[in-house]
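Report on the structure
Letter by letter, the chains look like this.
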Protein chains: 2
Amino acid sequence: MKPSRTYKILVVDDHFVVRAGLRDILSHEPDFIVAGEAANGREAVAAHARLLPDVTLMDLRMPVCGGLEAIRLIRENSPAARILVLSSYEGDEDIHAALSAGAMGYILKHSSDDQITPAIRALLQGKRWIPLEVAGQLAARERGEILSEREREIVRLLVLGDANKQIGDTLGITELTVKSHMKNILAKLKVRDRTEAVTVALRRGIVHLPDE
Amino acid sequence: MKPSRTYKILVVDDHFVVRAGLRDILSHEPDFIVAGEAANGREAVAAHARLLPDVTLMDLRMPVCGGLEAIRLIRENSPAARILVLSSYEGDEDIHAALSAGAMGYILKHSSDDQITPAIRALLQGKRWIPLEVAGQLAARERGEILSEREREIVRLLVLGDANKQIGDTLGITELTVKSHMKNILAKLKVRDRTEAVTVALRRGIVHLPDE
DNA sequence: GGCCGAATCCCACTTACGAGGGAGCGGACG
DNA sequence: CGTCCGCTCCCTCGTAAGTGGGATTCGGCC
């Protein structure tokens, strides 16, 4: 039962153990071959251009260059690239950002192999693959209020612990304007104060913890 | 070259892909055998009691029952148990808590196989295994100020977005006392306000994001 | 015993935050 | 074209947050 053809897969994750696991899982499919690996977004872009894989398995949270940026760059060079995000997190903002950056599927890292290979096969057939739990997050996002770009920018400074005055100075607007935005942010996130806003924003993937 | 004896290893991680990776990595060592797997702390305690492995590879962040609690329970039943923590995070508090709970080693998930098997072999010989980067975090912790139990309790409520008054009600103390603690917390964490305190506490592993 | 540091608690004061409004201006979209 | 919505700015007001001090208790250590 020689397969009609083999499919090249690129594996991108900064954790060696995860790459080993994917290599092992994919090796059980006779028509899959792991054509290459990358440990960060920059390596991923280079590897994709070199290998032109049929599917790319991509983590989001990586050093040097994150998955989102890598997805954008890869699809600039190869608009037909099929990218499957494999993430630990399920914040609605992460999911939405990945899909709108051009990912065709999104699965969670605690998925077992009977979730991973079907997802890859779906992408090979040009289909999208969004599990129910992931789709649920997206639906919840649509129901709730969505932060504007400016509001996200303010939340980014908020997690640094900046006061309203400082945030205003950074963005070149008055403190009053910041407070006005902050009021909308608190309402949209349905929280009582800025501290809770930080935890909710982190949980939903709207912002991430600064590296240092 | 038949090995003199084989060593039983228990793998504990909630991510299927990680378990697969470890299974694959360990299978390359002829004297290692993955005797069992567990996807959370409760399963880990049961599996350890049943299998009595020579070494347990344990993730920290897991649902149902976290790794820390699992380490404590396992070492209550088997004080000689050798547990190697395999974590993605490197917050000094996580590291310190795991080691004082009884773990004998601590490695990071982006470690390659040439870091993982030596760590396991070290534990098999009754030695500890703390990589430089991990030891550095611990050293930094010792240099800095360490939060008291009461202060950690307050930080836990802080990340929920509770106001000082609420925190006081929860702990049965006055708001004034909470503010006094908060003052010390801000000083110890070297931050300006409670918002920054949340991000620093999360980054250092002093507290974790609430599940919901 | 006596000293010291750490943890806990209390008070007064200044500042920042968040609620409750309102208003003008721009682009997007039907 | 008008309407919505995001961005900007404005004012007031009550309250929470953060800063300065000081008091207490308790255990360790010389």
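Notes on the protein's contact with DNA strand C
Around DNA strand C, 20 residues are found, and the nearest of them are A:Lys179, B:Arg150, B:Thr174, B:Thr177 and B:Ser180. For DNA strand C, a base oxygen lies 2.8 Å from a polar atom in the side chain of A:Lys179. One of the side-chain nitrogen or oxygen atoms of B:Ser180 is found 2.5 Å away from a base nitrogen of DNA strand C. Contributing elements (two or more residues each) for the surface near DNA strand C: helix H9 (175-189) of chain A together with helix H9 (175-189) of chain B.

Observations concerning the interface of chain A and chain B
Chain A puts 38 residues into the contact, and the matching count from chain B is 38 residues. For chain A, the biggest contributors to the area lost against chain B are A:Phe16, A:Val17 and A:Thr195; these three give 21% of the whole. Residues A:Arg192 and B:Asp162 are paired through a salt bridge, measuring 3.6 Å at the closest nitrogen-oxygen approach. At the junction of chain A with chain B, the criterion picks out 7 residue pairs in polar contact (both at pLDDT 80 or more). Secondary-structure elements contributing two or more residues to the side of chain A that touches chain B are helix H1 (16-27), helix H5 (113-124) and helix H10 (194-204) of chain A. Examining the composition of the side of chain A that touches chain B, we find that 9 residues originate from one element, H1(A), more than from any other. Tallied by class, the residues present in the side of chain A that touches chain B amount to 15 nonpolar, 10 polar and 13 charged.

Considering the packing of H9(B) against helix H10 (residues 194-204) of chain B
All names here are of chain B. H10 packs onto H9 with a crossing angle of 55° between their chain directions and a minimal axis gap of 10 Å. With respect to H10, the element H9 is oriented oblique. The handedness of the crossing between H9 and H10 is left-handed. Along its contact with H9, which presents Met182, Leu186 and Leu189, the element H10 presents Arg194, Ala197, Val200 and Arg204. When grouped by side-chain class, the residues that make up the contact of H9 with H10 number 5 nonpolar, no polar and 2 charged.

Examining the pattern of salt bridges
Pairs may arise between side chains of opposite charge once their charged atoms sit close together. Residues and elements named next belong to chain A. For the coordinates displayed, the defined rule picks out 36 salt bridges over all chains. Of the charged contacts, one joins arginine 156 and glutamate 149 as a salt bridge, the two residues approaching to 3.3 Å between their closest N and O atoms. Residue glutamate 149 is classed as partly exposed on the basis of its relative accessible area, which comes to 46%. A cluster of three or more residues bridged by salt bridges with shared partners is formed by Glu93, Glu149, Arg152 and Arg156.

Rules used throughout
Residues numbered from 1 in each chain as written. Chains lettered and ligands numbered in written order. Predicted model: local features only at pLDDT ≥ 70, side-chain atom pairs only at ≥ 80, totals over all residues. Heavy atoms only, no water. Near = heavy atom within 4 Å. Polar contact = N/O pair within 3.5 Å; in protein donor to acceptor, adjacent residues only side chain to side chain. Helix = DSSP H or I, 4+ residues; strand = E, 2+ residues; numbered from the N terminus. Contact = heavy atoms within 4.5 Å. Buried area = accessible area lost by both parts, 1.4 Å probe. Salt bridge = Lys/Arg side-chain N within 4 Å of Asp/Glu carboxyl O. Nonpolar A, V, L, I, M, F, W, Y, C, P; charged D, E, K, R; others polar. Axes fitted to C-alpha atoms, helices over the stretch in contact; angles between N-to-C directions. Parallel < 35°, antiparallel > 145°, perpendicular 65-115°, else oblique. Left-handed = near helix turned anticlockwise from the far one by under 90°. Buried < 20%, exposed > 50% of the residue type's maximum accessible area, 1.4 Å probe, protein only.

These figures capture arrangement, not role.
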